[in-house]
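Observations on the model geometry
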Amino acid sequence: MKKIIFTVIFILLAVTTYLQAQDSKIEKINKFCNKINENIGEDDSFSGYFIHTIKLVTNRRAIGGQITTIKFYYEQQGDTLIEKGDNSEFLDIYKPPVKISIEYNIAASQNIKIEYYPNEKGKLIYYYYLTQGAYTKGEEYFYFENEKPIKIKSVGLHSEYEVLEEYKNFERDKDFTKDDLKKCKKIIKNWEDYKKMFDQMIYIEKFDKY
């Protein structure tokens, strides 16, 4: 009997320790991302970051006009001196963006907002998704550590009018489904592709400048 009680106590302590560690990680990520947003300010007012913006205006089948806006928030670049024989030049050094936001519409009835946040090393730690309109209304939160999910949360939001599909409500910090992991893999890949896009923008910016 004592052995059983000891085992139960040990399991409870292990679970409690695990949950506390997870909560600490999530709290740290939220604090880190909130600080970035505080620095950005409302309406993208400058407060420490610069912004590169891409705006895409397209016409999609079954959607019609679609406007996609991608914003890359980044810190002032550094530079290093490069010696080339008798010549010297400064090479710009950019860190990965501190945040990337994407907004687009589906026809005139649905609006999507997405945000990516990396850590100081450029590894994704947080992904936020918001969809709202006549079809559905909800939010998704993905937290990562070493490119692996540590928490996924989905929340249905109240809509002022009836929507076609109610958003799912769930929260998981373990036992992720195959669909969860598949979506996480896609999110990580998209983040890496956005970083490549940012690097390409820096390269293109130098064109036709003599």
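Keep in mind the model is a prediction, meaning the values are calculated, not measured. (Residues numbered from 1 in each chain as written. Predicted model: local features only at pLDDT ≥ 70, side-chain atom pairs only at ≥ 80, totals over all residues. Heavy atoms only, no water.)

On the surface, Tyr 203, Ile 204 and Phe 207 cluster together into a nonpolar patch covering about 320 Å² of accessible area. In this fold, Ile 204 is placed in helix H2 (residues 178–204). (Patch = residues over 30% accessible without salt bridge, like charges linked within 9 Å, V, L, I, M, F, W, Y side chains within 5 Å. Areas by Shrake-Rupley, 256 points an atom, 1.4 Å probe, with all protein chains shown as cover. Salt bridge = Lys/Arg side-chain N within 4 Å of Asp/Glu carboxyl O. Helix = DSSP H or I, 4+ residues; strand = E, 2+ residues; numbered from the N terminus.)

A full pass over the atoms with the stated rule returns 14 aromatic pairs. On the basis of an interplanar angle of 55° and a centroid distance of 5.9 Å, the ring pair of Tyr 74 and Tyr 94 is categorised as tilted. Linking Tyr 74 in strand S2 (residues 64–74) with Tyr 94 in the loop between strand S4 (87–93) and strand S5 (99–106), this pair joins segments that are 20 residues apart in sequence. By the burial criterion, Tyr 74 is buried, and Tyr 94 matches it. Ring geometry for Tyr 94 and Phe 198: centres 6.2 Å apart, planes at 80°, overall edge-to-face. Taken together, the residues span a long stretch of sequence, with Tyr 94 in the loop between S4 and S5 and Phe 198 in helix H2 at a distance of 104 residues. Phe 198 shares its class with Tyr 94; the two are buried. (Phe/Tyr/Trp six-rings, centres within 6.5 Å; stacked < 30°, edge-to-face > 60°. Buried < 20%, exposed > 50% of the residue type's maximum accessible area, 1.4 Å probe, protein only.)

What follows concerns the side chain of Thr 68. With respect to the secondary-structure elements, Thr 68 resides in strand S2. Judged by relative accessible area, which is 14%, Thr 68 ranks as buried. Discounting chain neighbours no more than four positions away, the residues touching Thr 68 are Ile 54, Lys 55, Leu 56, Ile 102, Glu 103 and Tyr 104. (Contact = heavy atoms within 4.5 Å.)

Let us look at the sheet that holds strand S7 (residues 124–133). Pairing is antiparallel in the open sheet, where 8 strands are placed in the order S1-S2-S5-S6-S7-S8-S9-S10. Whereas interior strands pair on both sides, the edge strands pair on one side only; in this sheet they are strand S1 (50–60) and strand S10 (170–172). Neighbour to neighbour, the strand axes of the sheet diverge by 10° on average, direction disregarded. Pairing of S5 with strand S6 (residues 110–118) involves 7 bridges; the strand directions are antiparallel. Directly across from Tyr 104, in S6, lies its bridge partner Ile 112. (Pairing = 2+ DSSP bridges. Axes fitted to C-alpha atoms, helices over the stretch in contact; angles between N-to-C directions.)

Turning next to the pairing of strand S8 (residues 137–145). The element S8 is largely enclosed, with a buried count of 8 among its 9 residues. Alignment of S7 against S8, held across 7 bridges, turns out to be antiparallel. The residue of S8 that forms the bridge with Thr 131 is Gly 138. Where S8 folds back onto strand S9 (residues 148–156) in an antiparallel hairpin, the turn is made up of 2 residues, including Asn 146, whose phi is positive at roughly 55°.

Structurally, Glu 140 is set in strand S8. Once residues lying within four places of it in the same chain are set aside, the contact partners of Glu 140 are Tyr 127, Tyr 128, Tyr 129, Lys 153, Ser 154, Tyr 167 and Lys 183. Reaching out from Glu 140, the side chain makes a polar contact with the side chain of Tyr 167 at a distance of 2.4 Å. (Polar contact = N/O pair within 3.5 Å; in protein donor to acceptor, adjacent residues only side chain to side chain.)

Taken as a whole, this structure holds 11 salt bridges when the rule is applied. Between Lys 99 and Glu 115 there is a salt bridge, and its shortest N-O distance comes to 3.4 Å. Taken as a pair, Lys 99 in strand S5 and Glu 115 in strand S6 lie far apart in primary sequence, 16 residues in all. The pair Lys 99 / Glu 115 is uniform in exposure class, with both members buried. The closest approach of N and O atoms between Lys 137 and Glu 160, which form a salt bridge, is 3.7 Å. Highlighted residues: Lys 137 in strand S8 and Glu 160 in the loop between S9 and S10, separated in sequence by 23 residues. We classify Lys 137 as buried; its relative accessible area is 16%. In this structure Glu 160 comes out as exposed when scored by relative accessible area, which is 60%.

Confidence along the protein averages 86 in pLDDT terms, with 82% of residues attaining 70 or more. Low pLDDT (under 50) marks residues 10–17, which in the prediction has 0 contacts with non-local residues, meaning those over four places away or in another chain. (pLDDT = per-residue confidence, 0-100.)

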